[in-house]
Amino acid sequence: MVRWADPSELAGLVAVELAADRLFEQVGIVFPAGTTMIEEVTDPDTVLVEGRPPAGFALVGWVDGNLHLEQLAVRPESMRRGIGGRLVAAVGDHALASGAPAVTLTTYRDVPWNAPWYERHGYSVLPPSEWGPELEKLVEHERELGIEVAPRVVMRQRFGG
């Protein structure tokens, strides 16, 4: 069952993110050294989790008035059990409950468990002409961090508004 993270669970999510990130090595993507996204989180109300201890999490924020999925990570040994799908659905539910018109995210275009997976969950590529100023800054920041080591896209799922 998906729920909001307990404050005591945040530190343990670092291992989930690192394990999920290592899967990218299979497709030749190695992330630059540095802190994980979850290590920078101070508000557990921005993190949805599933399991006790959590087998996966979704980190959300706000960008240009839309809910933004900043990170989705599932322990590799827990993958292919619907956890990611349930987390993404919960993010959509939160968007609806919060009155967000859409959920946005950035992801790798050609990695099977990235853009193609999100497309199966209702997301579509958002062309740069439709990016807001905060989204433009976020994409530029990712480039500066060295995350864009393979083609990336911005995706969106509309919820109304």
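Residues numbered from 1 in each chain as written. Predicted model: local features only at pLDDT ≥ 70, side-chain atom pairs only at ≥ 80, totals over all residues. Heavy atoms only, no water.

This model, assessed by the stated rule, comprises 8 salt bridges. Two residues, Glu50 and Arg86, come together in a salt bridge whose shortest N-O distance is 2.7 Å. Placement of Glu50 in strand S2 (residues 47-50) and of Arg86 in helix H2 (residues 83-98) is noted, with a sequence separation of 36 residues between them. Looking at Glu50, the relative accessible area reads 7%, which means it is buried. Overall, the relative accessible area of 38% leaves Arg86 in the partly exposed class. Its salt-bridge partner being Arg152, residue Glu142 comes within 3.2 Å of it at the nearest N-O pair. In this pair, Glu142 sits in helix H4 (residues 133-145) while Arg152 sits in strand S7 (residues 152-158), placing the two residues 10 residues apart along the sequence. A relative accessible area of 14% means that Glu142 is categorised as buried. On the basis of relative accessibility, which here comes to 18%, the residue Arg152 falls in the buried class. Connected via shared salt-bridge partners are Arg3, Asp6, Glu9 and Arg52. (Salt bridge = Lys/Arg side-chain N within 4 Å of Asp/Glu carboxyl O. Helix = DSSP H or I, 4+ residues; strand = E, 2+ residues; numbered from the N terminus. Buried < 20%, exposed > 50% of the residue type's maximum accessible area, 1.4 Å probe, protein only.)

Let's shift gears to the sheet that holds S7. Strand order in the open sheet formed by 7 strands is S1-S2-S3-S4-S5-S7-S6, with mixed pairing between adjacent strands. The open sheet terminates on both sides in strands that have one partner only, identified here as strand S1 (2-4) and strand S6 (124-125). Across 4 bridges, S2 lies against strand S3 (residues 56-63) in antiparallel orientation. Each residue of the ladder has a partner; that of Glu50, found in S3, is Gly56. Along the sheet, H2 contacts S1, S2, S3, strand S4 (66-74) and strand S5 (102-108); its crossing angle with S4, the most-contacted strand, is approximately 160°. Contacting S3, S4, S5 and S7, H4 runs over the sheet at an angle of about 130° to S3. (Pairing = 2+ DSSP bridges. Contact = heavy atoms within 4.5 Å. Axes fitted to C-alpha atoms, helices over the stretch in contact; angles between N-to-C directions.)

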